[in-house]
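Listed here are the chains, written in short residue letters.
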Amino acid sequence: MFTTILFYVLALVLVVAAFRVVTAASPVAAALHLILSFFTAAMIWMTLGAEFLSLLLVVVYVGAVMVMFLFVIMLLDMRMPSLRSGLKAYLPLGLTVGGIMILEMAFVLTRAWLDVGPAVEMPADYNNTLAVGTAMYTDYILAVEVGGVVLLVGMVSAIALTLRKRSDVKRTVSSDQVRVKASDRLRMVKMKAVTPTTADAGDKQ
């Protein structure tokens, strides 16, 4: 009963956090809810016995989302004074997300320590990582490819949205360089030779 209730609570938190990721007006709030979504999904996998996937999600995604958060700040061209001024506004949300993550971890560890029944007996040579990789690239190969395309589209979209046309950049046009003429680049100037006079020589001495 405790495991079932914990699963539904984690699933509810995951759905709410994922909904806030796509509806939040601020990129900071969206990033914080995205962290909560990844961590909650990791806790659900932990309760289901997929420890490898759970730890992989925490290490790769929850860790990499910090880098993504920095990219969001740089891509949106946010200035540091405005970021510092908004720190207090996002502090309660950050503390709330951190508190929920601590509670989820506490409940999952409590569930692991309680007597929830006998574990599934696996062969001695069973490799969890090998089983996950085999399932991903055989039964779920289409989902993996779709996920890769979605990530590629997201990267291209971020580059396209943040591409700004600058007027202070000097660009090289190869066609203009090929059609250039010598008269456009070199000008011959004829000047009369200047000879020093006797007075100038005396001043130098």
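Just so it is clear, the model here is predicted, and its values are computed rather than measured.

The rules we used
- Residues numbered from 1 in each chain as written.
- Predicted model: local features only at pLDDT ≥ 70, side-chain atom pairs only at ≥ 80, totals over all residues.
- Heavy atoms only, no water.
- Helix = DSSP H or I, 4+ residues; strand = E, 2+ residues; numbered from the N terminus.
- Contact = heavy atoms within 4.5 Å.
- Areas by Shrake-Rupley, 256 points an atom, 1.4 Å probe, with all protein chains shown as cover.
- Expected span 1.5 Å × (residues − 1).
- Buried < 20%, exposed > 50% of the residue type's maximum accessible area, 1.4 Å probe, protein only.
- Arc of directions from axis to C-beta.
- Core = buried A, V, L, I, M, F, W, Y, C linked by side-chain atoms within 4.5 Å.
- Axes fitted to C-alpha atoms, helices over the stretch in contact; angles between N-to-C directions.
- Parallel < 35°, antiparallel > 145°, perpendicular 65-115°, else oblique.
- Left-handed = near helix turned anticlockwise from the far one by under 90°.
- Nonpolar A, V, L, I, M, F, W, Y, C, P; charged D, E, K, R; others polar.
- Phe/Tyr/Trp six-rings, centres within 6.5 Å; stacked < 30°, edge-to-face > 60°.
- UniProt positions renumbered as here; feature names shortened; annotations may be inferred.
- pLDDT = per-residue confidence, 0-100.
- Patch = residues over 30% accessible without salt bridge, like charges linked within 9 Å, V, L, I, M, F, W, Y side chains within 5 Å.
- Salt bridge = Lys/Arg side-chain N within 4 Å of Asp/Glu carboxyl O.
- Polar contact = N/O pair within 3.5 Å; in protein donor to acceptor, adjacent residues only side chain to side chain.

With respect to the overall build of the protein
Here is step 1: Within the protein, the regular secondary structure consists of 10 helices and zero strands.
Here is step 2: Traced from its N-terminal end to its C-terminal end, the protein shows the element sequence α-α-α-α-α-α-α-α-α-α.
Here is step 3: The long-range fraction of contacts in the protein, counting pairs at least 24 apart against all pairs at least 6 apart in sequence, stands at 70%.
Here is step 4: Of the roughly 16400 Å² that the protein leaves accessible, carbon and sulfur atoms contribute 69%.

Things to note about helix α1 (residues 2-23)
Here is step 1: Compared with an ideal rise of 1.5 Å per residue, which puts 22 residues at 32 Å, α1 spans 32 Å between its outermost C-alpha atoms and is within 8% of the ideal.
Here is step 2: Those residues of α1 that sit buried are Leu6, Leu10 and Ala17. Angularly, the buried residues of α1 cover 30° about the axis, an arc narrow enough to put them on a single face. Counted as exposed and oriented over 90 degrees from the buried face of α1: Tyr8, Leu12, Val15, Phe19 and Val22.

Details of the nonpolar core
The nonpolar side chains of a soluble globular protein tend to be buried, and buried together.
Here is step 1: By size, the foremost hydrophobic cluster in this structure holds 17 residues, and its most contacted members are Leu10, Leu36, Met43, Val97, Met101 and Val108.
Here is step 2: Those elements giving two or more residues to this core turn out to be α1, α2 (27-47), α3 (51-75) and α5 (87-113).
Here is step 3: For this core, the leading source of residues is α2, giving nine residues.
Here is step 4: Val97 has contacts with Leu32 and Leu36, leaving out every residue within four places of it along the chain.

What about the packing of α1 against α2?
Here is step 1: Where α1 contacts α2, the axes come no closer than 8 Å and their chain directions differ by 155°. The angle between α1 and α2 falls in the class roughly antiparallel. In this structure, α1 meets α2 at a crossing whose hand is left-handed. Every residue of α2 that contacts α1 at Leu6, Phe7, Leu10, Ala11, Val13, Leu14, Ala17, Ala18, Arg20 and Val21 is listed here: Ala30, His33, Leu34, Leu36, Ser37, Thr40, Ala41, Met43, Ile44 and Thr47.
Here is step 2: A breakdown of the residues in the contact of α1 with α2 according to their chemical character gives 15 nonpolar, four polar and one charged.

A word on the packing of aromatic side chains
Here is step 1: Summed over all chains, the structure comprises one aromatic pair.
Here is step 2: For the ring pair Phe7 and Tyr8, a centre distance of 5.6 Å and an interplane angle of 75° mean the geometry is edge-to-face.
Here is step 3: For Phe7, a relative accessible area of 33% corresponds to the partly exposed category.

Structural notes on the UniProt feature "transmembrane region" (unreviewed entry) in the protein
Here is step 1: According to UniProt, the positions carrying the feature "transmembrane region" (unreviewed entry) are residues 6-23, 30-48, 54-77, 89-114 and 140-163.
Here is step 2: Counting secondary structure, residues 6-23 comes out at 100% helix and 0% strand; the distance between its end C-alpha atoms is 26 Å.
Here is step 3: Annotation note: span residues 30-48, helix share 95%, strand share 0%, distance between end C-alpha atoms 27 Å.

Quick look at α2
Here is step 1: Over its 21 residues, α2 extends 30 Å from the first C-alpha to the last, a length consistent with the 30 Å expected when each residue adds 1.5 Å.
Here is step 2: In terms of burial, α2 is largely enclosed, as 17 of its 21 residues are buried.
Here is step 3: Gly49, located one to two residues past α2, shows a positive phi value of around 95°.

Examining the confidence of the model for the protein
Here is step 1: Residue-level pLDDT values for the protein average 76, and 76% of them are 70 or greater.
Here is step 2: When the elements of the protein are averaged for pLDDT, helix α4 (residues 80-85) gives the smallest value, 56, and α1 the largest, 84.

A word on the side chain of His33
Here is step 1: With respect to the helices and strands, the residue His33 is situated in helix α2.
Here is step 2: The class for His33 is buried, based on a relative accessible area of 10%.

With respect to a nonpolar patch on the surface
Here is step 1: A cluster of nonpolar side chains, Met136, Tyr137, Ile141, Leu142, Val146 and Val150, forms an exposed patch at the surface whose accessible area comes to about 570 Å².
Here is step 2: Of the residues forming the nonpolar patch, the biggest block, four residues, is contributed by helix α7 (residues 141-162).
Here is step 3: Relative to the assigned elements, Ile141 resides in helix α7.

Considering the side chain of Thr47
Here is step 1: Counting through the fold element by element, Thr47 comes out in helix α2.
Here is step 2: Here the side chain of Thr47 touches Ile44 through a polar contact of 2.6 Å, landing on its backbone oxygen.
Here is step 3: The residues contacting Thr47, other than those within four sequence positions of it, are Leu6, Leu10, Val108 and Arg111.

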